[in-house]
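Each chain is listed here by its residues.
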Amino acid sequence: RVANDNARRLEADIELIQADLTEAFRQNSFGTVVCNPPYVPLADLPGLQRELRFEPARALFGGEDGLAFYRRLGKLVGRVLRPGGWLLVELGYRGRAAVEEMFSSARWEAPQVRADLAGMDRVLMTRKR
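So, here is what we can say about the structure in this document. (Residues numbered from 1 in each chain as written. Predicted model: local features only at pLDDT ≥ 70, side-chain atom pairs only at ≥ 80, totals over all residues. Heavy atoms only, no water.)

### Re the overall build of the protein chain
Looking only at helices and strands, one finds four helices and four strands in the protein chain. Start at the N end of the protein chain and walk to the C end: the helices and strands fall as α-β-α-α-β-α-β-β. For a compact globule of 129 residues, the expected C-alpha radius of gyration is about 14 Å, and the protein chain comes in at 15 Å, within 12% of that figure. Overall size of the protein chain, expressed as C-alpha extent along the three principal axes, is 40 × 35 × 25 Å. Buried residues in the protein chain amount to 31% of all 129 residues. For the protein chain, long-range pairs separated by at least 24 residues make up 58% of all intrachain contacts whose partners lie at least 6 apart in sequence. Each charge class in the protein chain can be summarised by its mean position, and for the 20 positive and 17 negative side chains these summaries are 4 Å apart. (Helix = DSSP H or I, 4+ residues; strand = E, 2+ residues; numbered from the N terminus. Rg over C-alpha atoms; globule rule 2.2 N^0.38 Å. Buried < 20%, exposed > 50% of the residue type's maximum accessible area, 1.4 Å probe, protein only. Contact = heavy atoms within 4.5 Å. Lys, Arg positive; Asp, Glu negative; His and termini not counted. Charge placed at Lys NZ, Arg CZ, Asp CG, Glu CD.)

### Description of the sheet that holds strand β1 (residues 30-35)
Reading across the sheet, the four strands line up as β1-β2-β4-β3 and stay open at both edges, with mixed pairing between neighbours. Unpaired on one side and paired on the other, β1 and β3 (112-115) mark the two borders of the sheet. Within this sheet the neighbouring strands show an average axis-to-axis angle of 15°, counted without direction. Across the sheet, helix α3 (residues 68-80) touches β1 and β2 (81-90), and the angle it forms with β2 is around 155°. (Pairing = 2+ DSSP bridges. Axes fitted to C-alpha atoms, helices over the stretch in contact; angles between N-to-C directions.)

### Things to note about the pattern of salt bridges
In this structure the tally under the stated criterion is nine salt bridges. For R1, the salt bridge goes to D5, with nearest N and O atoms at 3.2 Å. Residue R1 is classed as exposed on the basis of its relative accessible area, which comes to 75%. Take D5: its relative accessible area is 31%, and that puts it in the partly exposed class. (Salt bridge = Lys/Arg side-chain N within 4 Å of Asp/Glu carboxyl O.)

### Examining the nonpolar core
One recurring pattern in soluble globular proteins: nonpolar side chains tend to sit buried together. Ranked by size, the top nonpolar core spans 17 residues in total, and within it L73, V77, L87, V89, V99, F103 and L124 carry the most contacts. If we skip the residues at most four places from it in the chain, V77 touches T22, V33, L87, F103 and W108. (Core = buried A, V, L, I, M, F, W, Y, C linked by side-chain atoms within 4.5 Å.)

### Things to note about the packing of aromatic side chains
Enumeration according to the criterion identifies two aromatic pairs in this entry. With centroids separated by 5.1 Å and ring planes inclined at 70°, the aromatic side chains of F25 and F30 adopt a geometry described as edge-to-face. Owing to a relative accessible area of 29%, F30 belongs among the partly exposed residues under this scheme. Arranged with centres 5.3 Å apart and planes meeting at 80°, the rings of F103 and W108 form a pair that is edge-to-face. With a relative accessible area of 2%, W108 lands in the buried category. (Phe/Tyr/Trp six-rings, centres within 6.5 Å; stacked < 30°, edge-to-face > 60°.)

### Things to note about the side chain of E90
Looking at where E90 falls in the secondary structure, it is placed in strand β2. A distance of 3.1 Å separates a polar atom in the side chain of E90 from a polar atom in the side chain of Y39. In contact with E90, not counting residues within four places along its chain, are C35, N36, P37, Y39, Y70 and R122. (Polar contact = N/O pair within 3.5 Å; in protein donor to acceptor, adjacent residues only side chain to side chain.)

Laid out in structure tokens, this is it:
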């Protein structure tokens, strides 16, 4: 509903597909997957920045440690990416090491991390072998 409302408000010419991660897509169907997952740990709720409070909770919170979505993504995304395909995921401010470890296997090239304009680790990039 939120994505549909945003698309309509922005007059975006897009097709929305509701699915549980990769279930709606064929094997090797994407050359790139870009993801802004929920990565805020539940313990951070009391100190959450005011400008984030308008977001739906399911778009923000990634379980107790903020890594639940990455764990699921790590198990499933390789199926839909073509060999050589890119995965780009946004990182929470404390998630870099854990997410790098999740994507440091023989299935993936060595992850690279890019900082945002504030110098914070923000995007992890890797390629499917």
